[in-house]
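# Report on the structure
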Amino acid sequence: MRVGILGAGQLGRMLALAGYPLGIDCLFLGGDRNSPAGQVSRILEGGLDDNAQLDALAAQSDVVTFEFENVPAEALKRAAAGAPVHPSVDALAAGQDRLQEKRLLRNAGIPTAPYVAVSETADLRRAESELGWPQVLKARRLGYDGKSQRIVHSAAELAAAWSELNRVPSIAEGWVRFERELSLIGVRGAGGQTAFYPLSENVHTQGILSTTVAPYQDPQLQRTAEAWLKNLMERFDYRGVLTVEFFHTEAGLVANEIAPRVHNSGHWTIEGAETSQFENHLRGVLGLPLGSTATRGHAAMLNLIGRMPDPTAVLSIPGAHLHDYGKTPRPGRKLGHCTLLRSRREDVEAALETLKSATP
Ligand code: AMP
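Below: a short report on this structure.

Calculation rules
Residues numbered from 1 in each chain as written. Predicted model: local features only at pLDDT ≥ 70, side-chain atom pairs only at ≥ 80, totals over all residues. Heavy atoms only, no water. Salt bridge = Lys/Arg side-chain N within 4 Å of Asp/Glu carboxyl O. Helix = DSSP H or I, 4+ residues; strand = E, 2+ residues; numbered from the N terminus. Buried < 20%, exposed > 50% of the residue type's maximum accessible area, 1.4 Å probe, protein only. Pairing = 2+ DSSP bridges. Axes fitted to C-alpha atoms, helices over the stretch in contact; angles between N-to-C directions. Contact = heavy atoms within 4.5 Å. Core = buried A, V, L, I, M, F, W, Y, C linked by side-chain atoms within 4.5 Å. Domains from an automatic or database assignment.

## Digging into the pattern of salt bridges
- Across all of its chains, the model carries 20 salt bridges by this definition.
- Here aspartate 25 and arginine 2 are joined by a salt bridge, their closest N and O atoms 2.7 Å apart. One end of the pair, aspartate 25, is in strand β2 (residues 25–29); the other, arginine 2, is in strand β1 (residues 2–6), and 23 residues separate them in sequence.
- Overall, the relative accessible area of 24% leaves arginine 2 in the partly exposed class.
- When the shortest N-O distance is used, the salt bridge between arginine 345 and glutamate 349 registers 2.8 Å. With arginine 345 and glutamate 349 both in helix α12 (residues 345–357), this residue pair falls four residues apart, about one helical turn.

Right under this line is the structure:
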């Protein structure tokens with residue numbers, strides 16, 4: 001079985017590593033041999049705009065998928081001419097444009113932050129009168145990890161922020177007062193079979209995920225979020241892993257973002273669940289039976305950003321699982337992560353504090 005994968009970052013690397021024991025071979029396009037995925041798996045030379053290589057990838061693969069959401073829809077369409085593609089081009093496109101994403105969520109009856117589409121100066125005045133302050137101005141396309149977005153507190157700041165974004169089509173979002181951030185990761189297989197991990201609790205620093213602790217146990221919220229994901233998956237006849245990020249507010253869950261792929265807030269599932277999100281994505285796209293999403297206790301994940309820690313310091317913490325993505329350090333760059341498991345929530349929270357003090 002071979003899965004062709006567009007993109008070659010750390011998510012691809014972890015998909016490849018999950019495939020090995022099952023004899024699933026991953027073949028990449030969109031990076032080089034030094035990329036996180038290229039270091040551990042076969043990679044075709046060329047970019048995602050290289051039609052000959054897209055055709056070659058599709059010809060050699062039983063199914064084609066992608067590992068980051070800014071894969072050009074054109075590239076996925078091209079691959080779809082030569083092999084089945086999962087998730088679909090439509091699902092990819094829906095997550096690429098923040099305005100389309102909001103409309104999709106609202107159409108599915110899923111609450112979102114109030115928003116105003118910004119494409120001309122008059123829209124800034126609408127945002128001011130409809131949303132109050134602060135707001136978050138986000139470029140509609142190509143933003144991730146807090147990039148291409150600004151928090152603004154006044155009309156002057158909003159106008160300046162839009163200029164800084166080069167007046168690209170954007171959305172202004174009302175500020176959501178949340179108690180915590182949660183995400184739900186689900187997987188859908190052939191024939192509509194679904195499985196869901198428990199909600200994960202996420203802390204972001206400057207727009208980048210810093211820590212995840214799971215499971216976040218709230219049966220009512222879990223049921224609500226699962227029903228929403230199921231609805232979204234059915235709309236796209238979805239195959240593979242889908243993630244939705246939520247704000248947990250006094251009034252319940254408010255959806256922030258959809259990611260039609262494996263997700264950073266699910267890295268803990270490698271050690272913390274019976275089947276990891278990576279293995280389940282491969283199973284889903286290949287049409288294999290899905291694996292159990294049951295947990296193996298309480299998990300905490302710390303992202304290693306900008307600088308890798310001394311491995312001796314991290315590995316001296318009992319049960320620490322260190323993942324190094326093989327990337328060149330750069331400020332703000334996700335270089336690896338570390339996961340800890342404990343049987344009790346308070347113990348994993350304490351271990352996470354120890355882990356934080358062992359990392360730069
Ligand atoms: P995003 O790129 O949309 O995932 O945003 C990154 C992070 O910024 C989120 O995880 C939140 O911590 C914060 N954030 C984004 N949008 C809002 C909002 N409308 N209200 C409050 N915080 C937000």
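## Things to note about the sheet that holds strand β3 (residues 42–44)
- Read from one edge of the open sheet, four strands run β3-β2-β1-β4, paired in parallel fashion. With one partner strand each, in any of the chains shown, β3 and β4 (63–66) form the two edges of the open sheet. For this sheet, the mean angle separating the axes of adjacent strands, direction not counted, is 30 degrees.
- The pairing of β2 with β3 spans three bridges and is classified as parallel. Across the sheet, the residue bridging to leucine 27 is arginine 42, located in β3.
- Docked against the sheet, helix α10 (residues 277–286) engages β1, β2 and β4, running at close to 140 degrees with respect to β4.

## Observations concerning the nonpolar core
- Val3, Cys26, Phe28, Trp268, Phe278 and Leu282 are the most contacted members of the largest nonpolar core, which has 32 residues in total.
- Contributing elements (two or more residues each) for this core: β1, α1 (10–19), β2, β9 (180–188), β12 (208–214), α10 and β15 (298–305).
- With five residues, the top contributor of residues to this core is α1.
- In terms of domain composition, this core takes at least three residues from each of domain 1 (2–85) and domain 3 (180–357).
- Among residues more than four places away in sequence, those in contact with cysteine 26 are Val3, Ile5, Leu15, Ala16, Ser41, Arg42 and Leu282.
- Counting residues in hydrophobic clusters, the runner-up holds 25 residues, among them Ala91, Leu184, Phe196 and Ala255.

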